[in-house]
Amino acid sequence: MSSPDGTSTPDGSVSPTQAIIEAIAEHEGVDITDVEPPAYDPLFTVVNPEALDDLFHTTAGLATNVEVRLEYEGYEVLVRPGSDVDVRDLDSTNSIDSSFGD
């Protein structure tokens, strides 16, 4: 799957930052073009997008156990290699350290 805005990786998959936006849009049932300011904070307010993309680009095929967890727009977001992104609603009893199921 590639992205129309040029954020695809050399293997044709989307970048981790684009995968986060797509996962949020899917979770909310909106178009990916709706996940932008002013309705949503820019992703760079919670993570450096270039650093996140570089982390997974440089570890692709090397470190399959890399995970990045962050909070964005009221969700816990877990990013794994291969643009694998899980989105969960934050709730008052669980924190970002709570375990995501496989």
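These numbers were taken from a predicted model, which means no experiment stands behind them. (Residues numbered from 1 in each chain as written. Predicted model: local features only at pLDDT ≥ 70, side-chain atom pairs only at ≥ 80, totals over all residues. Heavy atoms only, no water.)

1. Some words on a negative patch on the surface
- Together, E28, D41, E73, D89 and D91 make up a region of like negative charge exposed at the surface.
- Structurally, the position occupied by D89 is in strand 3 (residues 84-89). (Patch = residues over 30% accessible without salt bridge, like charges linked within 9 Å, V, L, I, M, F, W, Y side chains within 5 Å. Areas by Shrake-Rupley, 256 points an atom, 1.4 Å probe, with all protein chains shown as cover. Salt bridge = Lys/Arg side-chain N within 4 Å of Asp/Glu carboxyl O. Lys, Arg positive; Asp, Glu negative; His and termini not counted. Charge placed at Lys NZ, Arg CZ, Asp CG, Glu CD. Helix = DSSP H or I, 4+ residues; strand = E, 2+ residues; numbered from the N terminus.)

2. A closer look at the nonpolar core
- If you look at the biggest cluster of nonpolar residues, it comprises 22 residues, and the most contacted ones within it are I20, I24, Y72, V77 and V85.
- Elements supplying a minimum of two residues to this core: helix 1 (16-28), helix 2 (49-59), strand 1 (68-72), strand 2 (75-80) and strand 3.
- Sort the elements by how many residues they give to this core and helix 1 lands first, with six residues.
- Setting aside anything within four residues of it in sequence, one finds I24 in contact with V35, Y40, Y72, Y75, V77 and V87. (Core = buried A, V, L, I, M, F, W, Y, C linked by side-chain atoms within 4.5 Å. Buried < 20%, exposed > 50% of the residue type's maximum accessible area, 1.4 Å probe, protein only. Contact = heavy atoms within 4.5 Å.)

3. With respect to helix 1
- Here helix 1 spans 18 Å end to end across 13 residues, near enough to the 18 Å set by a 1.5 Å rise per residue.
- Counting buried residues along helix 1, ten of its 13 residues qualify, which places the element largely inside the surrounding structure.
- Turning to helix 1, its buried residues are P16, T17, Q18, A19, I20, I21, E22, A23, I24 and A25.
- Positive phi appears at G29, one or two residues downstream of helix 1, with a value of about 70°. (Expected span 1.5 Å × (residues − 1).)

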